Amino acid sequence: MRPDMAFHRPHSLAEAIAMIDRLPNAQLLAGGQSLVPELRRGDRQPTHLVSIDQLPELSGLSKRGDAIFIGATATHDAIATSPLIKDAFPALAKLVGSIGDLQVRNRGTLGGAIAAAAYRSDYSAAFLALGARVHIPGTELPYDAYLAQCGFDGAPPNMFVLGVSLPIADHTAAYEKISHPAAGYAECGVFASWSGSEARIAVISDTAPPFRWTALEAELRADDALAAVDSTPVHPLTDYAAELARALTRRALKTIA
């Protein structure tokens, strides 16, 4: 860590936003599960650290019209055990309950997960398939547009994620992944969601950015869905990653069926 790094604990959301805008080379800190190891390794070297884990505006989950809003500092455990999420998005609750171990889920936050490693985050698969929107000061972005601004190394330090909203819809969904045996992150994951006649298949991999498998989504309107999985190209994955994605997609579709 930098010896000259200053620590700040704003007392309101407005104060926190102003700090990120005003302070040079500032970095947000929530649960610290991703950021603290990066600071220790020197991967990130902010001049100012702005702690936001105590701000109540960012910690809750609530129903807002026809969507559910999840605050950026909501912990993985709070999301996985939330009655709102269990009722509207049971597959997401199960996904979040599989992240890390109990200690990680009790400290790690939604905002930290998608800001630090959105390309490798389990959340990215779910949020792409469920049509999530990321809220930042003054606006909100479709999740794919948010990913485009992040890059493989995560969100820019001054991007202040306030939370994520998920439109409530009548759907069935399932998530399947293969985890790295040591690190625990998803080497490949597939989130499948089916609503009426519309299928949405999102894939994450450690070899490519997250993406919607739109070619397969079009084919799944046919009767033989599993045959379509085998015959549809999986771009931009390597051959090995594509086979993993196909196997996980078959599992997810069988679970939905």
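Refer to the structure above for everything that follows.
Everything numeric here is computed off the predicted structure, so don't read it as measured data. Every chain is numbered independently, its residues counted from 1 as its sequence is written. Where local features are concerned, this predicted model is filtered to residues with pLDDT of at least 70; where side-chain atom pairs are given and counted, the filter is 80 or more; whole-chain, interface and lining totals use all residues. The basis for every side-chain value is the complete set of heavy atoms in the structure, and neither hydrogens nor water enter the calculation.

**Student:** Help me out: how do you make sense of the overall build of the protein chain in this one?
**Tutor:** Numbering goes from the N terminus for both helices and strands, where a helix is a DSSP run of H or I of at least four residues and a strand is a run of E of at least two. Secondary structure assignment for the protein chain yields twelve helices and twelve strands. C-alpha atoms define the radius of gyration, and 2.2 Å times the number of residues to the power 0.38 defines the globule rule. For a compact globule of 257 residues, the expected C-alpha radius of gyration is about 18 Å, and the protein chain comes in at 18 Å, within 12% of that figure. A buried classification covers 51% of the 257 residues belonging to the protein chain. For the protein chain, long-range pairs separated by at least 24 residues make up 57% of all intrachain contacts whose partners lie at least 6 apart in sequence. Method for areas: the Shrake-Rupley scheme with a 1.4 Å probe, in which residue coverage is limited to the protein chains shown. Of the accessible surface of the protein chain, which amounts to about 11800 Å², a share of 52% is contributed by carbon and sulfur atoms. Note that His is not counted, nor are the chain ends; the positive residues are Lys and Arg, and the negative ones are Asp and Glu. Where a charge lies is defined by one atom per residue type: Lys uses NZ, Arg uses CZ, Asp uses CG and Glu uses CD. Of the side-chain charges in the protein chain, 22 are positive and 27 negative, and the distance between the mean point of each set is 4 Å. A 1.4 Å probe rolled over the protein chains alone gives each residue an accessible area, and that area as a share of the maximum for its type sets the label: buried under 20%, exposed over 50%, partly exposed in between. Only heavy atoms enter the contact rule, under which two residues are in contact if any of them lie within 4.5 Å.

**Student:** Got a minute to help me understand the packing of helix 8 (residues 122-130) against helix 9 (residues 143-150) in this structure?
**Tutor:** A packed helix pair is summarised by two numbers, namely the angle formed by the two axes and the spacing between the axes. Running from N to C, helix 8 and helix 9 cross one another at 140 degrees; their axes reach a closest spacing of 9 Å. With respect to helix 9, the axis of helix 8 lies oblique. When helix 8 is examined against helix 9, the residues Ser 124, Phe 127 and Leu 128 are found in contact with a partner set consisting of Tyr 143, Asp 144 and Leu 147. Side-chain classes are defined by residue name, with Ala, Val, Leu, Ile, Met, Phe, Trp, Tyr, Cys and Pro counting as nonpolar, Asp, Glu, Lys and Arg as charged, and the others, Gly among them, as polar. Classifying every residue of the contact of helix 8 with helix 9 by side-chain character gives four nonpolar, one polar and one charged. Every axis in this analysis is a line fitted to C-alpha atoms, fitted for helices over the stretch in contact. Angles between the N-to-C directions lie between 0 and 180 degrees. Put simply, angles under 35 degrees are roughly parallel, angles over 145 are roughly antiparallel, angles from 65 to 115 are roughly perpendicular, and the rest are oblique.

**Student:** Could you clarify how one ought to interpret the environment of Ser 62 in this entry?
**Tutor:** With respect to the secondary-structure elements, Ser 62 resides in strand 4 (residues 61-64). Placed 53 residues apart in sequence, Ser 62 and Arg 9 show a C-alpha to C-alpha distance of 25 Å. For Ser 62, the contacting residues outside a window of four places in its chain are Ala 67, Ile 68, Phe 69 and Leu 84.

**Student:** Would you explain the pairing of strand 11 (residues 198-205) in this entry?
**Tutor:** Within a regular strand, side chains alternate between the sheet's two faces. Burial runs high along strand 11: six of the eight residues are buried. Between any two strands, at least two bridges found by DSSP are needed for them to pair. One ladder, built from eight bridges, connects strand 10 (residues 186-195) with strand 11; its direction is antiparallel. If you follow Val 190 over to strand 11, its bridge partner there is Val 203. Turn length for the strand 10-strand 11 hairpin, with the two strands adjacent in sequence and antiparallel, is two residues, and the turn residue Gly 196 shows positive phi of about 60 degrees. The turn joining strand 11 and strand 12 (residues 208-212), which pair antiparallel and follow one another in sequence, is formed by two residues.

**Student:** Can you walk me through the nonpolar core in this structure?
**Tutor:** Nonpolar side chains in soluble globular proteins generally cluster together in the buried interior. In terms of nonpolar packing, the biggest core is built from 45 residues, with Leu 92, Ile 114, Tyr 123, Phe 127, Tyr 143, Tyr 146 and Phe 191 touching the most fellow members. For this core, the leading source of residues is helix 8, giving seven residues. Nine residue types can take part in a nonpolar core, namely buried Ala, Val, Leu, Ile, Met, Phe, Trp, Tyr and Cys, and a core is a set of them joined through side-chain atoms within 4.5 Å. By size, the runner-up hydrophobic cluster in this structure holds 25 residues, among which are Val 203, Ala 225, Val 234 and Ala 241.

**Student:** Sorry, what's going on with unusual backbone geometry here?
**Tutor:** Leaving glycine aside, a negative phi is the common case for residues, and trans is the common case for peptide bonds. Look at the link from His 235 to Pro 236: it is a cis peptide, with omega at 10 degrees. Checked against the element boundaries, Pro 236 lands in the loop between helix 11 (225-231) and helix 12 (239-256). Positive phi, normally seen in glycine, also occurs at Asn 25, with a value near 55 degrees. With respect to the element layout, Asn 25 can be found in the loop between helix 1 (13-22) and strand 2 (26-29).

**Student:** Even after reading the chapter, I still don't get the packing of aromatic side chains, so can you show me in this structure?
**Tutor:** Here the distance between the centres and the angle between the planes together describe a pair of aromatic rings. Between the rings of Phe, Tyr and Trp (Trp by its six-membered ring), a pair exists once the centres lie within 6.5 Å; its type follows the angle of the planes, with under 30 degrees stacked, over 60 edge-to-face, and the other angles tilted. Under the definition given, this model contains four aromatic pairs. Both rings, one in Phe 127 and one in Tyr 143, keep their centres 5.4 Å apart while their planes meet at 75 degrees; by these two values the pair is edge-to-face. On the criterion of sequence distance, the pair formed by Phe 127 in helix 8 and Tyr 143 in helix 9 is long-range, its members being 16 residues apart. Summarising the burial analysis for this pair, Phe 127 and Tyr 143 share the class buried. When the ring of Tyr 143 is compared with that of Tyr 146, the centres are 5.6 Å apart and the planes differ by 40 degrees; the resulting orientation is tilted. Note that Tyr 143 and Tyr 146 are positioned in helix 9 at a spacing of three residues, about one turn of the helix.

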